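# Report on the structure
Listed here are the chains, written in short residue letters.
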Amino acid sequence: TRSLTITSVDQSMFEKAQGEKVTLPCTFELSEEDEGPLDIEWVLIPADNQKREQIIIMYAVDRVYNHYYAGLTGRMQFTNLDPRSGDGSLDILNLKASDTGTYQCKVKKAPGVQSKKIQLTVLVKPARTKCSIEGSQEIGKDVTLKCVSQEGSPLLSYDWRRVSGTQNLPTTSMLNKNTGELLLKNASREYSGTYNCVATNRVGTDECSVELNVTPPVNTAGIITGAIIGTLLGLSVLCSIIFCFCKKHREKKYEKEVHHDIREDVPPPKSRSSTARSYIGSNRSSLGSMSPSNMEGYTKTPYSQVPSEDFERAPAQNTAFAPSKVAAPNLSRMGAVPVMIPAQSKDGSIV
């Protein structure tokens, strides 16, 4: 008995690049015995067998349901707006690497049921490919040209070619297509020029370029000697500056100390006013011990001048001095009562 049949059996594997569009075919034919409602489901079968199948889009009872799988929301649709015509193919737009997987189309119309699996692989084109040079670019040295793509699905293959001058690579070169390294042994001036690297996988290519300039060896001994001499000269200049600065600082410090130095071991000179005050004070104390009868003679003649320091030292130098009357200071100007200084007679009595 003839029943529902899926007719798109030619291709079951697809490889597409990221960002492209893919159409997963699922056409079918119905038989006269298939009288039930038409039901079409697209299911994503996970690579991990422990996970369950996920319905991504479905057509049932003349209606499309496409909100089951968030990862493809807005990027998938039935190819034919009316799947009842026998075309249940699925379009996926703006492909992503995460869309890689196994997709299954199931067509049901009782009593007929058929399904088909399709493998989709989304590849990433090589991108952000960078070229670089490793090693010394000197005559006689080994130089390595490196090429690597920051993006791109495996398997990536790298190929180098010379752009400037002769198109052929040097005879001593060794290329590793898997790693993208080009080794140039015993480099010479003829190796100088522009080199181009092309990274390739099954869905696209990307490339980059690098400029190689092979030069004679550098006189490293002269460079080192010059560097040492320059360093020593710099150090000597720096030391001279520091020495001059320290010397100037010490001179300023010394001048400041001399200018503000105070000699504490030398007492300040006595003033005449302080000498007079001390002399008068001592005489007052001596008069306080005298009797009233002896005070009469001292009030008659006031002092007219302040005794000098020589006079103060006289009693110590001459123990027997002649009695004399000494004028007392004019104490009235100082606001005090004038007094007389007692004199000593020959027999030692106070007069």
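All figures in this text were calculated on a predicted structure; none of them were measured in a lab.

### Considering the sheet that holds strand β13 (residues 143-151)
Taken together, four strands build an open sheet; the order of strands is β12-β13-β16-β15 and the sheet is antiparallel. Of all strands in the sheet, those bounded by a partner on one side alone are β12 (127-134) and β15 (173-176). Averaged over all neighbouring strand pairs, the angle between strand axes comes to 10°, with direction disregarded.

### Digging into the pairing of strand β5 (residues 39-45)
Where burial is concerned, most of β5 is hidden: seven out of the seven residues are buried. Side chains D39, E41, V43 and I45 of β5 all project onto a buried face; the interleaved residues I40, W42 and L44 project onto the opposite face, where all are buried too. The pairing of β5 with strand β6 (residues 54-60) spans six bridges and is antiparallel. What sits directly across from V43, in β6, is I55. Strand direction decides the pairing type here: β5 and strand β10 (residues 101-109), joined by seven bridges, are antiparallel. Counterpart to I40 in the pairing with β10 is V107.

### Some points on the UniProt feature "transmembrane region" (unreviewed entry) in the protein chain
The UniProt feature table records "transmembrane region" (unreviewed entry) at residues 223-246. Segment residues 223-246 splits into 100% helix and 0% strand. End C-alpha atoms: 34 Å apart.

### Notes on unusual backbone geometry
The omega angle of the peptide bond from A110 to P111 is 5°, so this bond is cis rather than trans. In this structure, P111 sits in the loop between β10 and β11 (112-123). Residues P154 and L155 are joined by a peptide bond in cis, for which omega reads 0°. By secondary structure assignment, the location of L155 is in the loop between β13 and β14 (157-162).

### Observations regarding the side chain of S89
With respect to the helices and strands, S89 occurs in the loop between β8 (76-78) and β9 (90-92). Under the relative-accessibility criterion, S89 is labelled buried at 5%. Among the polar contacts listed, one links the side chain of S89 to the backbone nitrogen of C26, at a separation of 2.9 Å. Excluding residues within four positions of it along the chain, S89 makes contact with T23, L24, P25, C26, T27, W42, Q77, F78 and T79.

### Observations regarding a nonpolar patch on the surface
Residues I224, I228, L232, L235, L238 and I242 make up a contiguous nonpolar surface patch of about 570 Å² in total accessible area. Position of L232 among the secondary structure elements: in helix α1 (residues 220-259). On the basis of relative accessibility, which here comes to 53%, the residue L232 falls in the exposed class.

### Details of the sheet that holds β9
An order of β3-β9-β8 is seen for the three strands of this open sheet, with the pairing classed as antiparallel. The two strands at the open ends of the sheet, each matched to only one other strand, are β3 (22-24) and β8. In this sheet, neighbouring strand axes are inclined to one another by 25° on average, regardless of whether the strands run parallel or antiparallel. As paired elements, β3 and β9 share three bridges and run antiparallel to each other. Residue L24 lies in a different strand from β9, and its bridge partner there is L90.

Cut-offs and rules
Residues numbered from 1 in each chain as written. Predicted model: local features only at pLDDT ≥ 70, side-chain atom pairs only at ≥ 80, totals over all residues. Heavy atoms only, no water. Pairing = 2+ DSSP bridges. Helix = DSSP H or I, 4+ residues; strand = E, 2+ residues; numbered from the N terminus. Axes fitted to C-alpha atoms, helices over the stretch in contact; angles between N-to-C directions. Buried < 20%, exposed > 50% of the residue type's maximum accessible area, 1.4 Å probe, protein only. UniProt positions renumbered as here; feature names shortened; annotations may be inferred. Polar contact = N/O pair within 3.5 Å; in protein donor to acceptor, adjacent residues only side chain to side chain. Contact = heavy atoms within 4.5 Å. Patch = residues over 30% accessible without salt bridge, like charges linked within 9 Å, V, L, I, M, F, W, Y side chains within 5 Å. Areas by Shrake-Rupley, 256 points an atom, 1.4 Å probe, with all protein chains shown as cover. Salt bridge = Lys/Arg side-chain N within 4 Å of Asp/Glu carboxyl O.

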